[in-house]
Amino acid sequence: MLRVENLQIRRGRKTVLADVTLDLRPGEVLGVLGPNGAGKSTLLGALCAQLHPDEGRVWLDERELKDWQGAQRAQRLAVLPQVSTLDFAFRVEEVVGMGRLPHQSGRVRDDEIIEAALRAADVGHLSGRSYLALSGGERQRVHLARVLAQLWPGEAGQTLLLDEPTSMLDPLHQHTTLQAIRSFADRGAAVLVILHDLNLAARYCDRILLLENGRPHALDTPTQVLRPELLKAVFGLDVLVQPHPELGHPLIIAR
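Residues numbered from 1 in each chain as written. Predicted model: local features only at pLDDT ≥ 70, side-chain atom pairs only at ≥ 80, totals over all residues. Heavy atoms only, no water.

1. Remarks on the overall build of the protein
Turning to step 1, where the next piece is worked out: Looking only at helices and strands, the protein features nine helices and twelve strands.
Turning to step 2, where the next piece is worked out: Here the C-alpha radius of gyration of the protein, 18 Å, is about what a compact globule of 255 residues would show, namely 18 Å.
Turning to step 3, where the next piece is worked out: Dimensions of the protein along its principal axes, counting C-alpha atoms only, are 55 × 45 × 30 Å.
Turning to step 4, where the next piece is worked out: The 255 residues of the protein split such that 50% are buried.
Turning to step 5, where the next piece is worked out: For the protein, restricting intrachain contacts to residue pairs at least 6 apart in sequence, the fraction spanning at least 24 positions comes to 65%.
Turning to step 6, where the next piece is worked out: Of the side-chain charges in the protein, 29 are positive and 31 negative, and the distance between the mean point of each set is 3 Å. (Helix = DSSP H or I, 4+ residues; strand = E, 2+ residues; numbered from the N terminus. Rg over C-alpha atoms; globule rule 2.2 N^0.38 Å. Buried < 20%, exposed > 50% of the residue type's maximum accessible area, 1.4 Å probe, protein only. Contact = heavy atoms within 4.5 Å. Lys, Arg positive; Asp, Glu negative; His and termini not counted. Charge placed at Lys NZ, Arg CZ, Asp CG, Glu CD.)

Put into C-alpha cells, the structure is as follows:
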C-alpha cells in the first residue's frame, strides 16, 4: 500500500504542495481533482519518487518509497504521466511489451499479458501498426496498455498512478479507459487517477481528493466531495448536483 504522511513540496521559497496525508487502498480508485496549478501533478511526482518531499514521507508497504530500487519497485508501482513521448517506430505490441521489462516471466507469458493488456485498453486492433502512425488518443491508450501490462493482472500490493489518462480521448474511449482502470482496481490494485472531468470522477472513483492551491480541500466519497458549495469554493463554478437517474452517483450540471 502507498501511504503519504504530511507531505510538503517546495520550489525555491514557494510551497506548492502541503499538508497531504492519505493512503491508497487496495481495490480502490482515488480520483484527484482541482483547478490548474492546484498541485495534482506535483502530488503524482512525489508518489512515484520523481520529486522528493521537503517534509513528510511516502511509504510503499513498510518501506519508504526512496528505499525501493529498480525492478523491485517497478513490479509494484506503475506510472502513466500526462505526456508520454516515444520517437521510434516501434510496433504497438513492442511499446506495450516495455511494461514487462521489470519482470522475468518468459516470452510466452509476456506475450499473453501483452495481448490481454491491449484488449483491456481497447487497442488490440492496433497490434502490428507503427506507434508513430497513431493519433494522439491512440497513443495514449497504447501507453495505458503498457502500464497495465507492467502490473498485470493487478493485485493487492500494487499501485497504478495515472495523470489525466483521458485528456486526448473521445467520449466513448474516456469511458472504456476508465472502465479498464476500474476493472484493474477491482482485481485488488490501488489506483490514483488525476482527472478534470467531474462527472467521470463521480462515476468511476471510490474517493476523491480535492486540491486547492496545493492543499487538500476535501477527501471523501464523490457524494460528499462533489457538492455545489465545495465546487463553487474551489473552481468558482455554479453547479446543480443531482443523483444519476440510473446509477445513483452525483451528476454535475453547470448552471
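2. Considering the sheet that holds strand S8 (residues 190-194)
Turning to step 1, where the next piece is worked out: As summarised here, the arrangement of the six strands in space is S6-S7-S8-S3-S9-S10, forming an open sheet in which the pairing is mixed. Every interior strand has two partners, whereas the edge strands, strand S6 (77-80) and strand S10 (215-220), have only one. Geometrically, the sheet is characterised by an average inter-axis angle of 15° between neighbouring strands, direction not taken into account.
Turning to step 2, where the next piece is worked out: As paired strands, strand S3 (residues 29-33) and S8 are joined by four bridges and run parallel to one another. By the bridge assignment for S8, leucine 30 is matched with leucine 192.
Turning to step 3, where the next piece is worked out: Across the face of the sheet, helix H5 (residues 136-151) comes into contact with S6 and strand S7 (159-163) while running at roughly 175° to S6. (Pairing = 2+ DSSP bridges. Axes fitted to C-alpha atoms, helices over the stretch in contact; angles between N-to-C directions.)

3. A short note on the state of the cysteines
Turning to step 1, where the next piece is worked out: The full count for this structure, using the stated rule, is zero disulfides.
Turning to step 2, where the next piece is worked out: Free of any disulfide, cysteine 48 has its nearest neighbouring cysteine sulfur in cysteine 205, separated by 19 Å. (Disulfide = S-S within 2.5 Å.)

4. Some details on the sheet that holds strand S1 (residues 2-11)
Turning to step 1, where the next piece is worked out: Read from one edge of the open sheet, four strands run S2-S1-S4-S5, paired in antiparallel fashion. Each of the sheet's edge strands pairs with one partner strand only, and the pair in question is strand S2 (14-24) and strand S5 (63-64).
Turning to step 2, where the next piece is worked out: On top of the sheet, helix H1 (residues 40-47) reaches S1, S2 and strand S4 (55-60); it is set at about 120° to S1, its chief contact.

5. As for the packing of aromatic side chains
Turning to step 1, where the next piece is worked out: Within the structure shown, the criterion is met by two aromatic pairs.
Turning to step 2, where the next piece is worked out: Ring geometry for phenylalanine 88 and phenylalanine 90: centres 6.0 Å apart, planes at 55°, overall tilted.
Turning to step 3, where the next piece is worked out: Residue phenylalanine 90 is classed as partly exposed on the basis of its relative accessible area, which comes to 29%.
Turning to step 4, where the next piece is worked out: Arranged with centres 6.3 Å apart and planes meeting at 40°, the rings of tryptophan 152 and phenylalanine 184 form a pair that is tilted. Placement of the pair is tryptophan 152 in the loop between H5 and S7 and phenylalanine 184 in helix H6 (residues 171-186), with a sequence separation of 32 residues.
Turning to step 5, where the next piece is worked out: A relative accessible area of 0% means that phenylalanine 184 is categorised as buried.
Turning to step 6, where the next piece is worked out: When the ring centre of tryptophan 68 is taken as reference, the NZ or CZ atom of arginine 63 above it lies at 4.2 Å.
Turning to step 7, where the next piece is worked out: The ring of tyrosine 131 carries the charged tip of arginine 139 above its face, separated from the ring centre by 4.9 Å. (Phe/Tyr/Trp six-rings, centres within 6.5 Å; stacked < 30°, edge-to-face > 60°. Lys NZ or Arg CZ within 6 Å of the ring centre and 35° of its normal.)

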